[in-house]
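# Coordinates in review
Here's the letter readout for the chains.
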Amino acid sequence: MLWVLLLLPAWAVAGTACTRLCLAAVHTAAMDRNEATTARDHDLTLYEAAFLSGGPRRVADLTLVSMARQRRLLLAHTGWATVVDPRGRDEMERSVIGAIGPQGQSRIEPVRDAAAAADAVGSLADKLVSAGLAVPEEARDGIGAAIRQVRLAAAVVAALGVIALLAPAESEMPTHLIALWFALPFVLTLSCLVIARVEIHPYARWASPAGQRLLSALVRRSGGGGDRTYLTSVAVRGVRAIGEPELRAAFAHREHEATHRRD
């Protein structure tokens, strides 16, 4: 019976993919439980909050916005960055100034890319991972690969089921029962994806659950006004939190340029 021969690999593909996803989730959860105790009393800096919220690029964006608000960097609405004060106050600012180059002027998008890949951001990431606040790269990649495998398994099961239903009938098994047998592994894969969306999704971000708790506490404490509150909003929400029209236009031009280059 052809449908039985097709059903066996369907179950094998679905079972293997779902098992891998479960193991990846358990491994990541175990790492978080082991490291969360070291993160309880940690006070997040703005750079750390930016990394946990959006990764290396968010750190670069925060640095650009911070320097622009202090008038030490000019971000034009045309998408260019110009150095006003060449003396960086910390490693992140020095990375941005170095990315702009000796001419003191550059397009914003390559500056952002270079600053995000700088050693200063790498050191920050290592520090957050060691503190149990950021998801290690291998864990983040493992979860992502497992989810992609489950999605592929769902497609394979569906394809095998269609082939079995369209194949010439060679048994007395009703068609609806054959469809039911293939529906079982298909539902299994879909269920795993739903659970991953609800339970595993936080691990796929930059921040671990412990890091997300500290981010939430930081947001609650940042009420009111002032430059600190403004930069906290940029660190957590990204450039969409920018209020100044000229500065927003500079980053909007940058995003348009990046999209055009990808196209």
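One can find the structure itself at the top, above this paragraph.
Residues numbered from 1 in each chain as written. Predicted model: local features only at pLDDT ≥ 70, side-chain atom pairs only at ≥ 80, totals over all residues. Heavy atoms only, no water.

What follows covers helix 3 (residues 56-69). In a regular helix each residue adds 1.5 Å, so 14 residues correspond to 20 Å; helix 3 covers 20 Å between its end C-alpha atoms and thus fits that length. For helix 3, the tally of buried residues reaches eleven of 14 residues, placing the bulk of the element in the interior. Those residues of helix 3 lying buried are R58, V59, A60, D61, L62, T63, L64, V65, S66, M67 and A68. Positive phi shows up at R71, right after helix 3, with a value of about 60°. (Helix = DSSP H or I, 4+ residues; strand = E, 2+ residues; numbered from the N terminus. Expected span 1.5 Å × (residues − 1). Buried < 20%, exposed > 50% of the residue type's maximum accessible area, 1.4 Å probe, protein only.)

Inspection of the entire model under this criterion finds one aromatic pair. Between F51 and W206, the ring centres sit 5.4 Å apart and the planes meet at 65°, which makes this aromatic pair edge-to-face. Here the residue F51 occupies a position in helix 2 (residues 46-54), and W206 occupies one in the loop between helix 8 (175-200) and helix 9 (209-221), the gap between them amounting to 155 residues. A residue is classified by how much of its surface remains accessible, and F51, at 5% relative accessible area, is buried. Residue W206 is classed as partly exposed on the basis of its relative accessible area, which comes to 26%. Positioned above the aromatic ring of Y230, the side-chain terminus of R69 is 3.8 Å from the ring centre. (Phe/Tyr/Trp six-rings, centres within 6.5 Å; stacked < 30°, edge-to-face > 60°. Lys NZ or Arg CZ within 6 Å of the ring centre and 35° of its normal.)

Applying the stated rule across the entire model yields zero disulfides. This cysteine, C22, is not joined by any disulfide, and C192 carries the nearest cysteine sulfur, 5.0 Å off. The class for C22 is partly exposed, based on a relative accessible area of 45%. There is no disulfide at C192, and the cysteine sulfur nearest it, in C18, is 3.2 Å away. (Disulfide = S-S within 2.5 Å.)

Right, let's get into unusual backbone geometry. Positive phi values are uncommon outside glycine, yet R71 reaches one of about 60°. Among the structural elements, R71 can be located in the loop between helix 3 and strand 1 (73-75). Residue R71 is classed as exposed on the basis of its relative accessible area of 68%.

Next up on the list: the pairing of strand 2 (residues 80-83). With burial as the criterion, only one face of strand 2 is covered, namely that bearing A81 and V83; the residues W80 and T82 on the opposite face remain uncovered. Strand direction decides the pairing type here: strand 1 and strand 2, joined by three bridges, are antiparallel. Considered in strand 2, the bridge of L74 is made with T82. A loop of four residues connects strand 1 with strand 2, the two strands running antiparallel in sequence, and G79 in this loop sits at a positive phi of about 95°. (Pairing = 2+ DSSP bridges.)

On to the sheet that holds strand 1, then. Spatial strand order, 1-2-3: three strands in an open sheet with antiparallel pairing. Of all the strands in the sheet, just strand 1 and strand 3 (105-107) have a single pairing partner and so form its edges. Pairwise comparison of adjacent strand axes, ignoring direction, gives a mean angle of 20° for this sheet. Across three bridges, strand 2 lies against strand 3 in antiparallel orientation. Pairing of W80 across the sheet is with R107, part of strand 3. (Axes fitted to C-alpha atoms, helices over the stretch in contact; angles between N-to-C directions.)

A cluster of nonpolar residues, W11, L177, L180, W181, L184 and L188, forms a patch on the protein surface that exposes about 510 Å² of accessible area. Among the elements that take part in the nonpolar patch, helix 8 stands out by supplying five residues, more than any other. Here L184 shows up in helix 8. (Patch = residues over 30% accessible without salt bridge, like charges linked within 9 Å, V, L, I, M, F, W, Y side chains within 5 Å. Areas by Shrake-Rupley, 256 points an atom, 1.4 Å probe, with all protein chains shown as cover. Salt bridge = Lys/Arg side-chain N within 4 Å of Asp/Glu carboxyl O.)

Time to look at the environment of T19. When you line up the elements, T19 lands in helix 1 (residues 2-35). Placed 173 residues apart in sequence, T19 and C192 show a C-alpha to C-alpha distance of 9.5 Å.

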